Amino acid sequence: MVNAEQLADGVGTSLYVHVPFCVVKCGYCDFNSYVIEEEAAHDRFLDALQAEMQRRWRGRQPVSVFFGGGTPSLLSVERLERLLAIVGERVDLSACAEVSMEANPESFTEDKAKAARAGGVRRVSIGTQSFHAHHLRFLDRAHDAEGAEAAFAAARAAGIDNVSIDLMFGIPGETVAEWQSDVERALRLGTDHLSCYNLTFEPGTKLQRDRQQGKTGPNEQELDRAMFEFTRQRLGEAGFDAYEVSNFAGRGGPCRHNDHYWLQGNYVGIGPGASSHCDGVRVSNIKALEPWAEAALSGLTCTSTAETLRPLQRAAEALWLGIRRTGGVDVGAIERRIGVDVRAWFEPMIERHRGRQLVEYDGTTLRLVGEGLLLADQVGGDYLGVAVND
Ligand SMILES: C[S@@+](CC[C@H](N)C(=O)[O-])C[C@H]1O[C@@H](n2cnc3c(N)ncnc32)[C@H](O)[C@@H]1O
Ligand code: SF4
């Protein structure tokens, strides 16, 4: 796997491909997705994606490719084949360290799994979220528990031997026993990797509006903590490596594409709203589907914003991302790569976190411990704040 030192030497770029369609818009989700079933719109999206790919990706070989969304598995078999061919035309997928795709239970049939496998996908993550009908209803999910199991089986039947499951805990009203049974059910399925996300109330979502109107709200933090601790302990017993705050590697190993993000690697994102990062320059694509498609199909740039991160900002982001990795973040490597005196800028904040027993720091490696693991977003956010407040 690529490590921080190799990244410093400029090892590899990853490719992200955003498929922006969903069957429903889940109330908690702030990702760039649209409920559009018309196949003509799917075709137009693929035409535009092909144009953007031709314009932006020339002759390089990515470390990893990730087809995310939205819901890539919502595309018909023929369109899924075309999606993979658009990328496969320009990239040797068999030479990538990893080719992943997100799949939703309501649309991931065995035919689609076979098309994905034949098109070069070697890792699939099944967006399951919960195995409990009342929680799936609350989350607006379009599938049931049996559907999630069938999607898992479809991936296996198609010969995909690295299958991951996404689950969420901290759903309002959820009990620790329910969460424990979700984890056990994923283990019984034989998952090769598990992502266990603590449900967040994102600005602009229906879930957040419902919270503001007093219709729902987060559970007691004690409950989230109990679920989080159970997850780490139980998955440890089951032989899973807690390589990131929310991610656990079994037989399939870590998600290399996401690990590349956490190491602040370079990546190119194509599709509406996708962002890219190259050596401190961040570019974001036009977010709205049709303006993005129009730009791509007219041979224009799909980019809406570009910013060059100040070195201090880049260092703060390296801490914010890297601290999520269980091995911690190598402060010296960031200094060498970005040329910022990380110790001088960030040690006062690191000391504050250390005083609250949220992190461990030996002068080189900074890592989350104890309560800090549950508060990763806050701890990382504090480092971003140091750069913003400068
Ligand atoms: C962007 S979704 C796309 C995958 C796929 N469409 C699905 O629904 O599973 C990727 C994962 O992010 C997680 N996620 C999305 N919004 C979240 C939120 N507000 N809080 C916690 N996890 C979230 C879910 O577990 C989801 O599987
Ligand atoms: S969670 Fe997945 S299915 Fe639901 S709206 Fe977001 S991207 Fe679509």
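Remember, predicted model here, so these are calculated numbers, not experimental data. (Residues numbered from 1 in each chain as written. Chains lettered and ligands numbered in written order. Predicted model: local features only at pLDDT ≥ 70, side-chain atom pairs only at ≥ 80, totals over all residues. Heavy atoms only, no water.)

> Help me understand the overall build of the protein in this model?
Across its full length, the protein holds 16 helices and 15 strands. Compactness check: the protein gives a C-alpha radius of gyration of 21 Å against a globular reference of 21 Å for 390 residues, within 12% of the reference. The dimensions of the protein, computed from C-alpha atoms along their principal axes, are 55 × 50 × 45 Å. For the protein, the proportion of its 390 residues judged to be buried stands at 55%. Taking all contacts inside the protein whose residues are at least 6 apart in sequence as the whole, residues at least 24 apart take part in 71%. Accessible area for the protein stands at about 16,100 Å²; split by element, carbon and sulfur atoms hold 49% of it. (Helix = DSSP H or I, 4+ residues; strand = E, 2+ residues; numbered from the N terminus. Rg over C-alpha atoms; globule rule 2.2 N^0.38 Å. Buried < 20%, exposed > 50% of the residue type's maximum accessible area, 1.4 Å probe, protein only. Contact = heavy atoms within 4.5 Å. Areas by Shrake-Rupley, 256 points an atom, 1.4 Å probe, with all protein chains shown as cover.)

> Looking at this structure, how should I read the site of ligand 1?
Surveying the vicinity of ligand 1 reveals 17 residues, the closest of which are Gly-70, Asn-104, Gln-129, Arg-141 and Asp-166. At a separation of 3.1 Å, a nitrogen atom of ligand 1 approaches a polar backbone atom of Tyr-28. Protein chains shield 90% of the accessible area of ligand 1, which is 550 Å² for the free molecule. Sorting the residues of the shell around ligand 1 by element identifies β4 (123-129), β5 (162-169) and β6 (193-198) as the ones contributing at least two each. For the shell around ligand 1, a count of residues per class yields 5 nonpolar, 8 polar and 4 charged. (Near = heavy atom within 4 Å. Polar contact = N/O pair within 3.5 Å; in protein donor to acceptor, adjacent residues only side chain to side chain. Nonpolar A, V, L, I, M, F, W, Y, C, P; charged D, E, K, R; others polar.)

> How do you make sense of the pattern of salt bridges when you look at a structure like this?
In a structure, side chains of opposite charge can pair up when their charged atoms sit close to one another. For the coordinates displayed, the defined rule picks out 24 salt bridges. With its nearest N and O atoms 3.7 Å apart, the salt bridge here joins Arg-185 to Glu-146. In this pair, Arg-185 is assigned in helix α7 (residues 176-189) and Glu-146 in helix α6 (residues 145-157), connecting sequence segments 39 residues apart. Between Glu-335 and Arg-343 there is a salt bridge; the shortest N-O distance is 2.3 Å. Overlapping salt bridges, with partners in common, bring together Glu-39, Asp-43 and Arg-79 in one network. (Salt bridge = Lys/Arg side-chain N within 4 Å of Asp/Glu carboxyl O.)

> Can you help me understand the packing of aromatic side chains in this one?
Two numbers describe a pair of aromatic rings. These are the distance of the centres and the angle of the planes. The final tally for this structure, using the stated rule, is 8 aromatic pairs. Ring centres of Tyr-16 and Phe-66 lie 6.2 Å apart, and the angle between their planes is 25°; this geometry places the pair in the stacked category. Placement of Tyr-16 in strand β1 (residues 13-19) and of Phe-66 in strand β2 (residues 64-69) is noted, with a sequence separation of 50 residues between them. Taken as a pair, Tyr-16 and Phe-66 share a single burial class, namely buried. (Phe/Tyr/Trp six-rings, centres within 6.5 Å; stacked < 30°, edge-to-face > 60°.)

> Can you walk me through the domain arrangement of the protein in this structure?
Think of interface size as the accessible area that goes away when the parts come together; that is how it is often given. Domain assignment breaks the protein into domain 1 (4-262) and domain 2 (311-388). Look at where the C-alpha atoms of domain 1 and domain 2 centre, and you get two points 27 Å apart. The interface is formed by 18 residues belonging to domain 1 together with 15 residues belonging to domain 2. Inspection of the domain 1/domain 2 interface yields 3 salt bridges. (Domains from an automatic or database assignment.)

> What is the right way to look at the nonpolar core in this model?
Ranked by size, the top nonpolar core spans 96 residues in total, and within it Phe-346, Leu-366 and Tyr-383 carry the most contacts. At 6 residues, α6 tops the list of elements feeding residues into this core. Excluding residues within four positions of it along the chain, Leu-366 makes contact with Leu-319, Ile-323, Gly-328, Val-329, Val-331, Ile-350, Val-359, Glu-360, Tyr-361 and Tyr-383. Core analysis: the next-biggest nonpolar cluster, separate from the first, contains 9 residues, Cys-29, Ile-171, Leu-199 and Phe-201 among them. (Core = buried A, V, L, I, M, F, W, Y, C linked by side-chain atoms within 4.5 Å.)

> Just to check I follow, could you spell out the pairing of β5 for this structure?
A regular strand places its side chains so that they alternate between the two faces of the sheet. Counting buried residues along β5, 8 of its 8 residues qualify, which places the element largely inside the surrounding structure. Examined bridge by bridge, β4 and β5 share 6 bridges and lie parallel to one another. Each bridged residue has a counterpart across the sheet, and for Val-124 the counterpart in β5 is Val-163. Across 6 bridges, the pairing between β5 and β6 is parallel. Its bridge partner lying in β6, Leu-167 is registered against Cys-196. The handedness of the β5 to β6 crossover, carried by α7, is right-handed. (Pairing = 2+ DSSP bridges. Right-handed = clockwise from strand over helix to strand, strands pointing away.)

> Could you clarify how one ought to interpret the packing of helix α12 (residues 311-322) against helix α16 (residues 376-388) in this entry?
Working note: a packed helix pair is described by the angle between its axes plus the distance between those axes. Contact geometry for α12 and α16: axes closest at 8 Å, N-to-C directions at 175°. By the angle between their directions, the pair α12 and α16 is classed as roughly antiparallel. When α12 is examined against α16, the residues Leu-312, Gln-313, Ala-316, Glu-317, Leu-319 and Trp-320 are found in contact with a partner set consisting of Gly-380, Gly-381, Tyr-383, Leu-384 and Ala-387. (Axes fitted to C-alpha atoms, helices over the stretch in contact; angles between N-to-C directions. Parallel < 35°, antiparallel > 145°, perpendicular 65-115°, else oblique.)

> For this particular structure, what's the right way to read the site of ligand 2?
Neighbouring ligand 2 are the residues Cys-22, Val-24, Lys-25, Cys-26, Tyr-28, Cys-29, Ser-33, Gly-70, Thr-71, Asn-104 and Arg-141. When its residues are assigned to classes, the shell around ligand 2 shows 5 nonpolar, 4 polar and 2 charged.

> Would you mind going over the side chain of Asn-266 with me for this structure?
Examined against the element boundaries, Asn-266 turns out to sit in strand β9 (residues 266-270). Of note is the side chain of Asn-266, whose polar atom sits 2.8 Å from the backbone nitrogen of Asp-279. Aside from chain neighbours lying at most four places away, what touches Asn-266 is Gly-12, Thr-13, Ser-14, His-260, His-277, Cys-278 and Asp-279.

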